[in-house]
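# Structural description and commentary
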Amino acid sequence: MLGSLGLFNLIGVAILSSLVSIVYLAGKYTQSKRYSAFIGSATQAASLLSIAAVSILALAFYQDDFSILYVAEHSNTQLPSAFKIAAVWAGHEGSLLFWVLTLSCWAGLIARQSHYRADYRDAVLWVMNLLLTVFAWFTLFASNPFELNSAFVSEGRDLNPMLQDVGLIFHPPLLYLGYVGFSVVLAFSVAALMVKPIEFDWVRHCRTWCLVAWCFLTAGIALGSWWAYYELGWGGWWFWDPVENASLLPWLTATALLHILGVANGKKQLLKWSFSLAFITFSLSILGTFIVRSGVLTSVHAFAVDPTKGMSLLLILVLVLLSSFSLLIIKGEQFESQAIVSFKSKGFMVLIAALMLILAMSIVLFGTFYPMVFELLGLGTISVGAPYFNLLIAPLGLLALVMMGIAPLMVCKPQCSFKLAMLLAVVSMVSGALLYVPQVLVSDLYSISWMVLVTWCLACWVVFTHVYGLWRARNTRYQRKLFGMSIAHLGVAALAVGAGMNSFHSFEASYRLAPQSQVEFIDWTLTYQETELYVGNNYTAERGVIEVSNEAHRFVIAPERRHYPVRVMNMSEPAMKWFWHGDIYITMGEKVDRQGYAFRVQYKAYVRWIWLGALLMMLGGLVLVLQRYQRRIKETGYEIQCSQ
């Protein structure tokens with residue numbers, strides 16, 4: 001019953017979005033405007049149907065309705081209720097349904113906006129519904145989450161133990177909201193070229209939507225990094241895994257787009273750049289979906305290994321790229337951007353920043369897909385790992401810190417003098433050295449890393465220049481503009497320091513520990529107290545209770561080894577104690593004798609600074625979104641007052 005009802009709602013989404021696509025074209029052909037009300041109403045109805053479809057699937061999971069094949073493959077009666085609901089998007093079919101939900105909801109939000117030009121809003125909704133049509137029918141025919149189970153079963157296969165974590169509840173939805181949010185950016189840019197005259201205000205309209213999608217994607221990537229860190233037991237926060245890279249690719253181009261939209265809106269510069277990056281960013285979002293579901297790359301994140309489904313997504317990607325860039329080529333002759341006339345201008349600085357981000361994207365793209373292409377050409381197998389990415393991305397990251405430090409000095413009116421900039425640079429170098437070198441000298445385990453020293457100095461450069469810029473811009477209209485940007489840039493500086501310290505000044509060791517045994521780790525004493533056995537909802541576990549102490553601190557850490565009988569899988573659940581300068585991170589391994597276990601003990605230097613930086617970046621984006629929302633409210637109120 002639930003399966004049929006959910007399928008009915010999904011069919012309704014596909015039909016309504018298809019009707020909108022057809023009706024809009026018919027209205028354009030007949031030059032009739034009567035279709036406009038239908039487009040808005042049908043779009044909102046499709047979003048409601050998609051919400052109903054996902055809710056019905058969630059209810060089926062909650063009620064253990066194993067008559068639906070997808071539920072039987074990803075749930076179990078013993079699975080906690082929260083994970084049952086999150087299992088909706090834990091597999092291939094459910095995640096595509098959630099993609100449809102997100103796409104229809106973004107379109108529904110646009111349909112409720114009334115401050116856009118009518119013909120332009122209809123064109124935007126047509127592009128959104130065209131995408132929704134493709135993904136809805138693709139989900140129905142190739143990845144139907146409501147397919148009935150051919151066998152009667154009383155118990156499900158259970159959710160993958162790696163996914164039985166709170167990260168599953170939040171990480172995929174945030175990532176999808178970011179990925180699909182860039183469909184709005186694509187729709188605004190394509191629609192701007194479709195209408196007559198060309199709607200150049202799309203840049204102003206689109207900046208808020210782009211910022212919101214960027215914030216969601218940043219949150220999804222950061223949460224995924226944190227999830228991998230504490231769940232997988234490796235103690236790492238980024239592995240340059242193909243699927244991790246797939247989420248990074250649109251983030252890099254979206255960051256470049258956000259910067260370019262600023263000068264395209266105010267100075268009418270880099271307009272064609274803004275169109276191109278809008279097209280590429282959403283295309284890279286589809287590419288990320290292709291990587292996860294095609295099976296062409298090996299990854300712990302991969303949902304499916306069906307090449308036919310992957311090829312369908314690749315075809316969608318090709319169609320989006322060809323159609324959007326063809327439209328830009330045809331309409332591109334009708335407009336020109338304002339020229340960048342000075343090396344000291346904001347436009348030139350933004351262009352350099354965008355080029356750096358595009359170069360970083362190209363490096364990641366090449367490193368991710370080169371092994372696959374190499375193998376497809378019959379040249380053998382090759383592996384591209386962390387050394388390649390770190391070697392090429394790290395210098396770009398340092399150069400990006402230099403550019404971020406220059407940005408607030410150029411925003412100031414009048415611009416900062418060269419002498420003052422040099423003074424800030426010297427103070428930054430001294431401060432960075434004073435913050436970093438003493439930390440290394442007090443430890444016998446490490447030596448000074450020049451890369452990390454430079455990172456500390458450049459991070460201080462970003463902090464001092466932004467503080468100076470905010471002080472210089474106080475009580476002016478530039479202060480609001482600088483505030484959100486400064487928070488985001490300070491987040492990047494914190495992330496850079498955390499990544500550098502974590503890479504060069506972490507430490508690990510492996511031990512065999514049995515009850516009452518004791519080992520020394522750096523300046524800590526680890527005492528293995530006992531092994532506890534307990535039974536969870538759908539697993540059994542061995543827990544090692546370890547007391548960790550030194551002259552200043554004493555605490556207990558309890559890592560676990562869990563066995564999931566339905567999936568017949570073992571999982572390590574690491575335990576950690578965090579400090580401002582790093583984490584004590586312990587993973588419990590296999591049993592090596594009658595009482596002893598293998599343990600991996602790590603000190604992860606400054607690892608929390610990475611996620612602190614990501615939080616600051618998101619906060620900076622949210623501040624900019626709120627500022628733009630307040631500005632629009634004031635403009636709307638002023639327009640109403642003038643009309644009266």
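Predicted model, so just to flag it, every value in this text is computed and none were measured.

Bringing the packing of aromatic side chains into the picture now. For any pair of aromatic rings, the description rests on two quantities: the centre-to-centre distance and the angle between the ring planes. On inspection of all chains with the given rule, the structure shows 44 aromatic pairs. The interplanar angle of 40° and the centroid separation of 6.1 Å between the aromatic rings of Tyr-468 and Trp-471 together place this pair among those described as tilted. In this pair, Tyr-468 and Trp-471 both sit in helix H15 (residues 450-472), three residues apart, roughly one turn of the helix. Given a relative accessible area of 15%, Tyr-468 falls into the buried group. Taken together, the ring pairs in this structure connect Trp-238, Trp-240, Phe-366, Tyr-370, Phe-374, Tyr-388 and Phe-389 into an aromatic cluster. If you follow Arg-474 out to its NZ or CZ, it ends over the ring of Trp-471, 4.2 Å from the centre. Here Lys-577 stacks its cationic end above the ring of Phe-555, 5.6 Å away from the centre of that ring.

Now for the pattern of salt bridges. Counted under the stated rule, the structure contains 15 salt bridges. In this structure, the salt-bridge partner of Glu-336 is Lys-272, at a minimum N-O distance of 3.9 Å. Taken together, the positions of Glu-336 in the loop between helix H11 (307-331) and helix H12 (346-376) and Lys-272 in helix H10 (residues 271-294) put the pair 64 residues apart, joining distant regions of the chain. Looking at Glu-336, the relative accessible area reads 63%, which means it is exposed. For Lys-272, a relative accessible area of 31% gives the class partly exposed. Glu-573 serves as the salt-bridge partner of Arg-562, at 4.0 Å between the closest nitrogen and oxygen.

So, on to the nonpolar core. If you look at the biggest cluster of nonpolar residues, it comprises 145 residues, and the most contacted ones within it are Ile-110, Met-128, Phe-182, Phe-188 and Trp-202. With 15 residues, helix H7 (residues 166-194) is the single largest residue contributor to this core. Residues within four places of Trp-202 in sequence aside, it is in contact with Tyr-120, Val-185, Phe-188, Ser-189, Ala-192, Leu-261, Ser-274, Phe-275 and Ala-278.

Put simply, Lys-196 and Pro-197 share a cis peptide bond, and its omega is -5°. In this fold, Pro-197 is placed in the loop between H7 and helix H8 (202-231). Positioned with a positive phi, Asp-64 is a non-glycine residue whose angle comes to about 55°. Along the chain, Asp-64 turns up in the loop between helix H2 (35-62) and helix H3 (69-74). Despite not being glycine, Asp-158 shows a phi value in the positive range, around 85°. Residue position: Asp-158 is located in the loop between helix H6 (118-142) and H7.

Within the element layout of this structure, His-505 appears in the loop between helix H16 (478-504) and strand E1 (507-513). A polar side-chain atom of His-505 sits 2.7 Å from a polar atom in the side chain of Tyr-436. For His-505, the contacting residues outside a window of four places in its chain are Tyr-436, Val-440, Tyr-446, Ser-447, Ser-449, Val-452, Tyr-603 and Ala-605.

Burial along strand E5 (residues 554-557) is one-sided: the face carrying Phe-555 and Ile-557 is buried and the face carrying Arg-554 and Val-556 is not. Judged from the four bridges that link them, strand E4 (residues 540-549) and E5 form a sheet pairing that is antiparallel. Within the sheet, the bridge partner assigned to Ile-546 lies in E5 and is Ile-557. Hairpin connection, E4 to E5: the antiparallel pair is bridged by four residues.

Okay, the confidence of the model for the protein chain next. Looking at the protein chain as a whole, its pLDDT mean stands at 89, while 94% of the residues score no less than 70. Note that residues 638-644 has pLDDT below 50 and, in this model, zero contacts with residues that lie over four places away or in other chains.

With domains assigned, the protein chain is organised as domain 1 (1-159), domain 2 (165-384), domain 3 (386-505 + 609-643) and domain 4 (507-607). Relative to domain 4, the C-alpha centre of domain 3 lies at a distance of 37 Å. Carbon and sulfur atoms make up 60% of the area that domain 3 and domain 4 hide from each other, which totals about 910 Å². Our count for the domain 3 to domain 4 interface comes out at zero salt bridges. Examining the composition of the side of domain 3 that touches domain 4, we find that four residues originate from one element, H16, more than from any other. Looking at the side of domain 3 that touches domain 4 residue by residue, the class counts come to eight nonpolar, four polar and no charged.

Moving on, we get to the environment of Ser-503. Mapping Ser-503 onto the fold places it in helix H16. What makes Ser-503 exposed here is its relative accessible area of 55%. Sequence separation between Ser-503 and Ile-330 is 173 residues; the distance between their C-alpha atoms is 48 Å. A polar contact of 2.8 Å, which involves the side chain of Ser-503, links it to the backbone oxygen of Ala-499.

Another point: the side chain of Thr-102. Looking at where Thr-102 falls in the secondary structure, it is placed in helix H5 (residues 92-111). The buried category is assigned to Thr-102, whose relative accessible area is 3%. In contact with Thr-102, other than residues within four places in its own chain, are Tyr-176, Leu-177 and Val-180.

About the criteria used
- Residues numbered from 1 in each chain as written.
- Predicted model: local features only at pLDDT ≥ 70, side-chain atom pairs only at ≥ 80, totals over all residues.
- Heavy atoms only, no water.
- Phe/Tyr/Trp six-rings, centres within 6.5 Å; stacked < 30°, edge-to-face > 60°.
- Helix = DSSP H or I, 4+ residues; strand = E, 2+ residues; numbered from the N terminus.
- Buried < 20%, exposed > 50% of the residue type's maximum accessible area, 1.4 Å probe, protein only.
- Lys NZ or Arg CZ within 6 Å of the ring centre and 35° of its normal.
- Salt bridge = Lys/Arg side-chain N within 4 Å of Asp/Glu carboxyl O.
- Core = buried A, V, L, I, M, F, W, Y, C linked by side-chain atoms within 4.5 Å.
- Contact = heavy atoms within 4.5 Å.
- Polar contact = N/O pair within 3.5 Å; in protein donor to acceptor, adjacent residues only side chain to side chain.
- Pairing = 2+ DSSP bridges.
- pLDDT = per-residue confidence, 0-100.
- Domains from an automatic or database assignment.
- Buried area = accessible area lost by both parts, 1.4 Å probe.
- Nonpolar A, V, L, I, M, F, W, Y, C, P; charged D, E, K, R; others polar.

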